[in-house]
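What follows is each chain in one-letter form.
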Amino acid sequence: MTQTVESTRTDAAARVDEWLAAFQQALTDRDADAAAALFGAESFWRDLVSFTWNITTVEGPSGVADMLRSTLDGVDPTGFRVTEEPTEAGGVTDAWLEFETAVGRGSAHLRLTADGKAYTFLTTLDELKGHEEPSSERRPMGAEHGANRERVSWLESREQEAAELGYTVQPEVVVIGGGQGGIALGARLRQLGVPTIIVERNEKPGDSWRKRYKSLALHDPVWYDHLPYIDFPKNWPVFSPKDKIGDWLEMYAKVMELNYWGSTTARSARRDGDAWEVVVDRAGEEVTLRPRHVVMALGVSGKPNVPQVPGQDLFKGDQHHSSQHPGPDAYRGRKAVVIGSNNSAHDICGALWEAGADVTMVQRSSTHIVRSDSLMDLGLGDLYSERAVASGVTTHKADTIFASLPYRIMHQFQKPVYDAIRERDADYYAALEKAGFRLDFGDDDSGLFMKYLRRGSGYYIDVGAADLVANGDVHLVQGQVAELTEDSVVLEDGTALPADVVVYATGYGSMNGWAADLIDQETADKVGKVWGLGSDTTKDPGPWEGEQRNMWKPTQVENLWFHGGNLHQSRYYSLYLALQLKARMEGIDTPVYGLQEVHHTS
């Protein structure tokens, strides 16, 4: 048995060595066609900045050849080599690699099929030569030893920076939005020495969590949600309550030495030569910032979608979007109508029911639901769990494995997971459907992650509220809202729902809506729709993009960037956005291959 395992391991390593030797030779010879011939007819090369100064995926030998013809001379890739023993399973060989380019060092992940051809190939830029992060053996000394009459302490240096940056010294980057996304990016930029100001309308880091309804908690488990550089401690709860995550973000922003301007609202931005002019209100003081780059980091979604319904001006009760929901305490004993049936709707319905409100959920379209326990076990367990950590899957390795699956084929890997979940939780789903709840698993039954990536909506990770719907504690009705009266919500079929409070859990628009508010509509339209893959599924119109539209990469508006997503995406992709910004600050040539076209303006 030992000999068989050893033989398999050696065969896998030999296959990888043979492929790498041919690949490196083709790159050295600048022979794009020879390199492309090493890829299968169905194959995918996903590059995060290292070859393309973009986040893009090319498909098949022709796509590989086109990309290499455009990039090889400038990139000058060398030294592809394995970093750990390749493995083989099910006829697919996996290999972890590293390499260098003219300006940086990178990592790669390769999957070879039985015929020795590449099936998937991921390349990532990890650091810029000469601009490495000051960590490990390069960490700063901190204290200055010896005697020095001109000594400046750490505190004095920080105070001077805070006094000057944005006034006598201009930042390279202004990040608009100081939630977890802006904070994660700010930490990356800080480590790379990129002068950055984070603008946030709330007073303190974490307030965007603290000010939400009291039952709010992360639905993703702790292993999925670490921030860059500092993991949550080992005794951190699996699901972080909102105020606890708020305190963590406040601590994190402080210890990572971020220039965080709280109580600051961005009023306007416009291009001024090769830079931006951003006017902000900082606690009542108007300040004009002149950064080279503006990053919109205002969350995973855009502006709240508040439907315009006849009679809203007549309704005498409270009405608000879910993003403004104050929590359930004021509505004890009141009649609440929540319009929507996704994450926020379920959370708010559950909290209102616990507070003693009479709650009705209005479901307007079908929703995908997955139980949290099943998602953690079957959906995330191999990558983000205690068992994954025990098997050597670090957070970064898990992120990279996930990133190595091209979006074009990701649904093929997700569908079996959700088939297993449907089988495991068959009774649970039957109870929901019996209660009249309209369920779906996505247009192609690929479940939660694909819905999230394609449209960012249409799902609920169940932490308990779905049971209230199934057993009738939360009333469920189907239909579209026709109008509001003084004391009710009326559906198109004439059903009148008595209401003291109406919560519009109706989702969000595209993130370029924030650009329209801050800059102008013309700029927002030039950027185009943000988020989605172009899968031509519900709420994700084609054509196929192959990557998240306009996220973490150059847009059609020079030096205007979008950053966000969940904590996992903010953590992982913040590195690649930060490297793009650092390279531009240092004057490194950054020719962008495959700059996306604009097909949808919102």
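It should be noted that the structure appears before, not after, this text.
In what follows, the accompanying structure is described.

Moving on: the packing of helix α5 (residues 180-191) against helix α18 (residues 567-585). Packing of α5 against α18 brings their axes to within 8 Å, and their N-to-C directions diverge by 40°. Classified by the angle their axes make, α5 and α18 are oblique. Remark: the crossing between α5 and α18 carries right-handed chirality. Of the residues in α18, those touching α5 at Q180, G181, A184, L185, R188 and L189 are L567, S570, R571, Y572, S574, L575, L577, A578 and L581. By residue class, the composition of the contact of α5 with α18 is nine nonpolar, four polar and two charged.

Here the structure, examined in full by the defined rule, presents 40 salt bridges. Two residues, R138 and E127, come together in a salt bridge whose shortest N-O distance is 3.8 Å. Taken together, the residues R138 in the loop between β7 (118-128) and α4 (154-164) and E127 in strand β7 connect sequence positions 11 residues apart. Put simply, K582 and E586 hold a salt bridge, and the shortest N to O gap is 2.7 Å. One salt-bridge network, held together by shared partners, links R105, E127, E132, E137 and R138.

As summarised here, the arrangement of the three strands in space is β21-β22-β23, forming an open sheet in which the pairing is antiparallel. Only two strands of the sheet have a single neighbouring strand rather than two, namely β21 (481-484) and β23 (496-498). Here the strands of the sheet are splayed against their neighbours by 25° on average, with no regard to which way each runs.

V338, Y418, L560, F562 and Y573 are the most contacted members of the largest nonpolar core, which has 128 residues in total. In terms of residue count, α18 provides more of this core than any other element does, 10 residues in total. In this structure L560 touches W276, V294, M296, I519, T523, V527 and T555, once residues within four positions along its chain are discounted. Ranked by size, the runner-up nonpolar core spans 30 residues in total, among them V16, A35, M67 and F80.

Note on placement: C349 falls in helix α8 (residues 343-354). Assessed through its relative accessible area of 1%, C349 is described here as buried. Taking the C-alpha atoms as reference points, C349 and V280, separated by 69 residues in sequence, lie 37 Å from one another. The contact partners of C349, leaving out residues within four places of it in the chain, are V338, V359, M361 and V474.

The rules we used
- The residue numbers shown here count from 1 along each chain, following its written sequence.
- Totals for whole chains, interfaces and linings use all residues, but because this is a predicted model, local features are given only for residues with pLDDT of at least 70 and pairs of side-chain atoms are given and counted only at 80 or more.
- With hydrogens and water set aside, each side-chain value is computed from the structure's full complement of heavy atoms.
- The angle between two axes is taken between their N-to-C directions and runs from 0 to 180 degrees, where each axis is a line fitted to C-alpha atoms and a helix contributes only its stretch in contact.
- Put simply, DSSP H or I for four residues or longer makes a helix, DSSP E for two residues or longer makes a strand, and each gets a number counted from the N terminus.
- Angular relationships are summarised with four words: roughly parallel below 35 degrees, roughly antiparallel beyond 145, roughly perpendicular across 65 to 115, and oblique for the angles in between.
- If you view the pair so one helix is near and one far, a crossing is left-handed when the near helix is turned anticlockwise from the far one by less than a right angle, and right-handed when it is turned clockwise.
- Here, residues are in contact when the closest pair of their heavy atoms is within 4.5 Å.
- Polar here means any residue outside two lists: the nonpolar Ala, Val, Leu, Ile, Met, Phe, Trp, Tyr, Cys and Pro, and the charged Asp, Glu, Lys and Arg; Gly therefore counts as polar.
- In the sections that follow, a salt bridge refers to a side-chain nitrogen of Lys or Arg positioned within 4 Å of a carboxyl oxygen of Asp or Glu.
- The pairing criterion is simple: DSSP has to find at least two bridges between the two strands.
- Residue types Ala, Val, Leu, Ile, Met, Phe, Trp, Tyr and Cys, when buried and joined through side-chain atoms within 4.5 Å, form a set referred to as a nonpolar core.
- Think of it in three bands: with a 1.4 Å probe and only protein chains considered, a residue is buried below 20% of the maximum accessible area for its type, exposed above 50%, and partly exposed in between.

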